[in-house]
Amino acid sequence: MSDLGPISERIVQELSRDGRLSNIALADRVGLSPSACLRRVQDLERRGVITGYRAVLDRSKLGGGFVAYIGVGLSAHSKASQEAFEHAIARAPEVRECHNITGTIEYLLRVECADIASYKLFHTEMLGALPDVNSITSYVVLGSPKDERA
């Protein structure tokens, strides 16, 4: 992983599996006293190794069961074009992730919508209406046998 040391690496692994793990249970799993474990966790937070804790949600139960990854190419490769695109995407609630990538396109998006009709509306009315968007390639998720995002 890095220069964390074996115990801190185990702490990070355990918390990445279950961020609600109590300090006592975590200390037991990594072989530390609760006070020593708490100090390590706090140090990892201070150092920015642990940046937060999240609930993992089942989006289908919240009306967001349609998931697609979208490759987006821009017609202009300028800083202004990228900033304008990123600003617009930041305001789109359907976009759960936006990654600036290398290769033949500039961005990879992870989009969640209620269904195909709402995705079409997002694709046409929001994404397709952005002035510097040159290409849009959609990859609809059929299933996710492994998903370790938190």
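Scroll up a little and you will see the structure.
Being a predicted model, the structure only gives us computed values, none of them experimental.

Draft legend 1. Summary view of the packing of aromatic side chains. A full pass over the atoms with the stated rule returns three aromatic pairs. Ring centres of Phe 66 and Tyr 119 lie 5.2 Å apart, and the angle between their planes is 35°; on these two criteria the pair is classed as tilted. On the criterion of sequence distance, the pair formed by Phe 66 in strand E1 (residues 66–74) and Tyr 119 in helix H5 (residues 116–127) is long-range, its members being 53 residues apart. Considered together, Phe 66 and Tyr 119 belong to a single accessibility category, that of buried residues. Geometrically, the ring pair formed by Phe 85 and Tyr 107 is tilted, given 4.5 Å between the ring centres and 35° between the ring planes.

Draft legend 2. Structural detail: the sheet that holds strand E4 (residues 133–140). With antiparallel pairing, four strands are arranged side by side in an open sheet as E2-E3-E1-E4. In this open sheet, the two strands that pair with only one neighbour each are strand E2 (95–100) and E4. Taken over all neighbouring pairs, the strand axes of this sheet differ in orientation by 20° on average, direction set aside. Sheet topology places E1 next to E4; seven bridges connect them, and they run antiparallel. Counterpart to Ile 70 in the pairing with E4 is Ser 138. The sheet contacts of helix H4 (residues 79–90) involve E1, E2, strand E3 (107–113) and E4, and relative to E3 the element is tilted by about 15°. The strands touched by H5 are E1, E2, E3 and E4; relative to E1, the strand with the most contacts, the crossing angle is about 20°.

Draft legend 3. How the structure looks around helix H1 (residues 6–17). Here H1 is 12 residues long and its end C-alpha atoms lie 17 Å apart, about the 16 Å a rise of 1.5 Å per residue gives. What H1 keeps buried is the set Ser 8, Glu 9, Ile 11, Val 12, Glu 14 and Leu 15. Lining the buried residues of H1 we find helix H2 (23–30) and helix H3 (34–46).

Draft legend 4. Focus on H5. Among the residues of H5, Tyr 119, Phe 122, Met 126 and Leu 127 are the ones counted as buried. Angularly, the buried residues of H5 cover 75° about the axis, an arc narrow enough to put them on a single face. In this structure, H5 carries Ile 116, Ala 117, Lys 120, Leu 121 and Glu 125 as exposed residues pointing more than 90 degrees from its buried face. Put simply, Asp 115 is the residue that caps the front of H5, since its side-chain oxygen is 3.3 Å from the backbone nitrogen of Ala 117.

What counts, and where the lines are drawn
Residues numbered from 1 in each chain as written. Predicted model: local features only at pLDDT ≥ 70, side-chain atom pairs only at ≥ 80, totals over all residues. Heavy atoms only, no water. Phe/Tyr/Trp six-rings, centres within 6.5 Å; stacked < 30°, edge-to-face > 60°. Helix = DSSP H or I, 4+ residues; strand = E, 2+ residues; numbered from the N terminus. Buried < 20%, exposed > 50% of the residue type's maximum accessible area, 1.4 Å probe, protein only. Pairing = 2+ DSSP bridges. Axes fitted to C-alpha atoms, helices over the stretch in contact; angles between N-to-C directions. Contact = heavy atoms within 4.5 Å. Expected span 1.5 Å × (residues − 1). Arc of directions from axis to C-beta. Polar contact = N/O pair within 3.5 Å; in protein donor to acceptor, adjacent residues only side chain to side chain.

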